[in-house]
Amino acid sequence: MSAAYERFVITATGPSVRGQVAGISGFVDGHGGYVEEFDQFDDLDRRRFFARAVFHVERSTSPGLEALKAGVADMAGRFGMHWSLHNAAARPRVLLMASKLDHCLRDLLYRHGRGELDMDVAAVVSNHRDVEPLVAGHGLRFVHLPVTPRTRGDQEAALWALIEETRSELVVLARYMQILSDELCRRLAGSAINIHHSFLPGFKGARPYRQAYMRGVKLIGATAHYVTPELDEGPIIEQAVERVDHTYTEGDLAAVGRNCECLALARAVKLHLDRRVFLNGERTVVFR
């Protein structure tokens, strides 16, 4: 995109009524904009409308973000829609969290360094110090917040204070092996992404890959989802799966699982950063 233009992303959702698509496109046209992308979906069961549009305006005639927001508010108000408008060049601030396993964190940091994830990493938090050298190697802030049954409440208070201090818009649990409280999950609704292994059937416990091996599974996978008080049951953003067979050892299955976790989490984070994910009750609408 030429420096002569400013790009914006508008998202909107609300009850399905006539004129919404025309309302959004008319707003863009009325402010001298040009629509580059437009995605929309109607959930016919719930009668809910979802839309995402990317548009640009000439920098010399751009009314500016705040004026555009005022225009969106007026347009969306006529249709009872919830909306957001962002400059496409804005980089969301993201807080990453991990425990001892580093594969997902390492993958996210690599992709971020390569420019594949358009975000600013505000800090990396861990309840252990195992990943501290990795974080330091990327020149990022590391925050150690150890967790014990006695200190869990204080740790979560410190975590929330850090989120506010860093103005983080998204929290990514990159194999962070601590359960967040129901209260914190509710505070982070729609702005915290978790990754977990998922199999057919789903195996719980400390050694899921051992159980998968003993049952002779044929598929290994992972699920990235928004965090909710219901453990590992939040709205699904992305999933990755790979076929395996009887020749795979327990270690082979674990390696496939790690790869699936990295892929699913990275894709989910990018989709969220690009403002392509909408909450729809216990489900999501994802424009690709």
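Everything below is about the structure shown above.
Residues numbered from 1 in each chain as written. Predicted model: local features only at pLDDT ≥ 70, side-chain atom pairs only at ≥ 80, totals over all residues. Heavy atoms only, no water.

## Some details on the overall build of the chain
- Scanning the chain from terminus to terminus reveals eight helices and 13 strands.
- Relative to the compact-globule value of 19 Å for 288 residues, the chain shows a C-alpha radius of gyration of 21 Å, a close match.
- Buried positions account for 46% of the 288 residues belonging to the chain.
- Sequence separation of at least 24 residues holds for 67% of the intrachain contacts in the chain that already meet a minimum separation of 6.
- Carbon and sulfur atoms make up 50% of the accessible area of the chain, which amounts to about 14,600 Å² in all.
- The chain carries 36 positive and 36 negative side-chain charges, and their two centres are separated by 3 Å. (Helix = DSSP H or I, 4+ residues; strand = E, 2+ residues; numbered from the N terminus. Rg over C-alpha atoms; globule rule 2.2 N^0.38 Å. Buried < 20%, exposed > 50% of the residue type's maximum accessible area, 1.4 Å probe, protein only. Contact = heavy atoms within 4.5 Å. Areas by Shrake-Rupley, 256 points an atom, 1.4 Å probe, with all protein chains shown as cover. Lys, Arg positive; Asp, Glu negative; His and termini not counted. Charge placed at Lys NZ, Arg CZ, Asp CG, Glu CD.)

## Thoughts on the nonpolar core
- Residues L96, L105, L108, I193, I220, L265 and V269 are the most contacted members of the largest nonpolar core, which totals 45 residues.
- Sorting elements by how many residues they give to this core places helix α8 (residues 250-273) first, with 12 residues.
- Leave out the neighbours within four places in its chain, and L265 touches C104, L108, V172, L173, A174, I193, I195 and A224.
- Counting residues in each nonpolar core, the second largest holds 19 residues, with V147, Y176, L180 and L184 among its members. (Core = buried A, V, L, I, M, F, W, Y, C linked by side-chain atoms within 4.5 Å.)

## Here's the deal with the pattern of salt bridges
- In total, this model carries 19 salt bridges according to the counting rule given.
- Across the pair D274 and K270 runs a salt bridge whose closest N-O atoms are separated by 3.3 Å.
- A single salt-bridge network, built from bridges that share partners, covers E37, R52, K270, D274 and R276. (Salt bridge = Lys/Arg side-chain N within 4 Å of Asp/Glu carboxyl O.)

## Thoughts on the sheet that holds strand β3 (residues 48-58)
- Spatially, β2-β3-β1-β4 is the arrangement adopted by the four strands of the open sheet, whose pairing is antiparallel. Lying at the two open borders of the sheet, with one neighbouring strand each, are β2 (33-43) and β4 (82-87). Direction aside, neighbouring strands of the sheet carry axes that sit 10 degrees apart on average.
- As paired elements, strand β1 (residues 5-15) and β4 share six bridges and run antiparallel to each other. Looking across to β4, one finds that F8 is bridged to N87. (Pairing = 2+ DSSP bridges. Axes fitted to C-alpha atoms, helices over the stretch in contact; angles between N-to-C directions.)

## Quick notes on the packing of helix α7 (residues 208-215) against α8
- One way to put it is that α7 packs onto α8 with a least axis distance of 9 Å and a crossing angle of 120 degrees. When the axes of α7 and α8 are compared, the pair comes out oblique. Note that α7 runs across α8; the crossing there is right-handed. Contacts from Y209, R210, A212 and Y213 in α7 reach E250, L253, A254, G257, R258 and E261 in α8.
- Residues that form the contact of α7 with α8 fall into these classes: five nonpolar, one polar and four charged. (Parallel < 35°, antiparallel > 145°, perpendicular 65-115°, else oblique. Left-handed = near helix turned anticlockwise from the far one by under 90°. Nonpolar A, V, L, I, M, F, W, Y, C, P; charged D, E, K, R; others polar.)

## Topic: α8
- Between the first and last C-alpha of α8 there are 35 Å, a value that for 24 residues agrees with the 34 Å anticipated at 1.5 Å per step.
- Following α8 by one or two positions, R275 adopts a phi angle in the positive range, close to 60 degrees. (Expected span 1.5 Å × (residues − 1).)

## A look at the sheet that holds strand β11 (residues 236-243)
- The strand order across the open sheet formed by seven strands is β7-β6-β5-β8-β9-β10-β11, and the pairing between neighbours is mixed. Two strands close off the open sheet at either side, each with one partner strand: β7 (142-144) and β11. Within this sheet the neighbouring strands show an average axis-to-axis angle of 20 degrees, counted without direction.
- Sheet analysis places strand β5 (residues 93-98) next to strand β8 (residues 170-173), joined by four bridges and oriented parallel. Bridge pairing links V94 to L170 in β8.
- Lying over the sheet, helix α3 (residues 103-113) contacts β5, β6 (120-126), β8 and β9 (192-199), oriented at roughly 150 degrees with respect to β5.
- Packed on one face of the sheet, α8 meets β5, β8, β9, β10 (219-226) and β11 and runs near 150 degrees to β11.

## Examining α3
- Every buried residue of α3 is accounted for by H103, C104, L105, D107, L108 and L109.
- Buried-residue contacts for α3 involve β5, β6, α4 (132-137), β8, β9 and α8.

## Observations concerning a negative patch on the surface
- Together, D182, E230, D232, E233 and E282 line one region of the surface with negative charge.
- When you line up the elements, D182 lands in helix α6 (residues 182-187).
- What makes D182 partly exposed here is its relative accessible area of 40%. (Patch = residues over 30% accessible without salt bridge, like charges linked within 9 Å, V, L, I, M, F, W, Y side chains within 5 Å.)

## What about the side chain of T284?
- Residue position: T284 is located in strand β13 (residues 283-286).
- Among the polar contacts made by the side chain of T284, one reaches the main-chain carbonyl oxygen of I236 at a distance of 2.5 Å.
- Ignoring anything within four residues of it in the chain, the contact list for T284 reads Y226, P235, I236, I237, V277, F278 and L279. (Polar contact = N/O pair within 3.5 Å; in protein donor to acceptor, adjacent residues only side chain to side chain.)

## A short note on the pairing of strand β12 (residues 277-280)
- Bridge analysis of β12 against β13 gives four bridges, and the strand direction is antiparallel. Paired with N280 across the two strands is R283, which belongs to β13.
- If you look at the hairpin formed by β12 and β13, you'll find two residues sitting between the two strands, and G281 has a positive phi there, around 70 degrees.

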